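# Structural overview
Okay, here's what each chain looks like letter by letter:
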Amino acid sequence: MLKPIVILGSGGHSNILAELIIAEGRKIVAVVSPDNIEKSSPLSGIRQIMTDEEVLSTYESAQIELVNGIGTIPSNDTKFRLFNYFSENGYRFASVISPHAILAKSVKLEEGVQIMSGAIIQTNAIIGMNSLINSGAIVEHDCYIGAHNHIAPGATLSGSVTTGSQVHVGTGANIIQNIKIGHKAIVGAGCTVIRDISEEQVVVPARNRILR
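First, a word on scope: everything that follows refers to the structure included in this document. Keep in mind the model is a prediction, meaning the values are calculated, not measured.

All right, on to the sheet that holds strand E5 (residues 96–97) then. Here 7 strands make up an open sheet; going across it, the order is E5-E8-E11-E14-E17-E20-E22 and the pairing parallel. Two strands in the sheet have a free side with no partner beyond their single neighbour: E5 and strand E22 (202–203). Direction of pairing for strand E20 (residues 186–187) relative to E22: parallel, over a ladder of 2 bridges. Bridging across to E22, Val187 finds its partner in Val203.

As a further point, take the nonpolar core. In terms of nonpolar packing, the biggest core is built from 29 residues, with Ile133 and Val169 touching the most fellow members. Excluding residues that lie within four positions of it along the chain, Val169 makes contacts with His150, Ile151, Ala152, Ala155, Leu157, Ile175 and Val187.

Turning our attention to the environment of Tyr85. Here Tyr85 is to be found in helix H3 (residues 78–88). The spatial distance from the C-alpha of Tyr85 to the C-alpha of Asp142 is 30 Å, given a sequence separation of 57 residues. In this view, Tyr85 contacts Asp52, Glu53 and Leu56; residues no more than four positions away in its chain are not counted.

A sheet is described by the order of its strands in space; here 6 strands give the open sequence E6-E9-E12-E15-E18-E21, paired in parallel fashion. With one partner strand each, in any of the chains shown, strand E6 (102–103) and strand E21 (192–193) form the two edges of the open sheet. Bridging between strand E18 (residues 174–175) and E21 involves 2 bridges; their strand directions are parallel. Note on E21: the bridge partner recorded for Asn174 is Thr192.

Evaluation of the coordinates by the stated rule reveals 3 salt bridges. Measuring nitrogen to oxygen at the nearest pair gives 2.8 Å for the salt bridge that ties Glu65 to Arg26. Of the two residues, Glu65 is situated in strand E4 (residues 65–68) and Arg26 in the loop between helix H1 (12–23) and strand E2 (28–32); the sequence distance between them amounts to 39 residues. According to the relative accessible area criterion, Arg26 is buried, its value standing at 12%. Close ionic contact of Glu111 with Arg92 constitutes a salt bridge, the shortest N to O distance being 3.1 Å. One end of the pair, Glu111, is in the loop between strand E7 (108–109) and strand E8 (114–115); the other, Arg92, is in the loop between H3 and E5, with 19 residues separating them in the sequence. Residue classification places Arg92 among the exposed residues on the basis of a relative accessible area of 52%.

About the criteria used
- Residues numbered from 1 in each chain as written.
- Predicted model: local features only at pLDDT ≥ 70, side-chain atom pairs only at ≥ 80, totals over all residues.
- Heavy atoms only, no water.
- Pairing = 2+ DSSP bridges.
- Helix = DSSP H or I, 4+ residues; strand = E, 2+ residues; numbered from the N terminus.
- Core = buried A, V, L, I, M, F, W, Y, C linked by side-chain atoms within 4.5 Å.
- Buried < 20%, exposed > 50% of the residue type's maximum accessible area, 1.4 Å probe, protein only.
- Contact = heavy atoms within 4.5 Å.
- Salt bridge = Lys/Arg side-chain N within 4 Å of Asp/Glu carboxyl O.

The following block contains the structure:
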């Protein structure tokens, strides 16, 4: 039997996830956010918990599953820190997969993965824990997407691309086959990547200049 969901965050990304969760027939019992929740939000009317610590005192880890609804932007590690905080306290994260995404049967998804509408993930790809494959992104065959990645809308990763942890691939970026992208690297929106990227490098479209 599927456990009820507590969703972390109440912003735009949380709203998208909430709609998918509700459409799947799962129950959201609480949202964790100190912010006001708009009446138009699918989270409106759901029990609101103000702090992460309150989750621990309200629900035992065996009672619920969490969904990480924190949006992902470059150099912001809130989503990563929340996943680690709750995991270290024994909580598990549910994956959320849009019915409008296309996944090959051989795809492997680790804990807490989110696959948004229009995404395509091909044969033998592996998606690491707490990673987000956003709307319309393409992850081709034999790619390995590391933990805590964000593959932004419309990005395309050709076959056998490998990413480290906490990598951000920006909107509309294109990465050719067999490329390796290091831990905490950022690929800017619209980049075409034709060579490996080292750890913590930032690459932007203008001739793939390295900013740091």
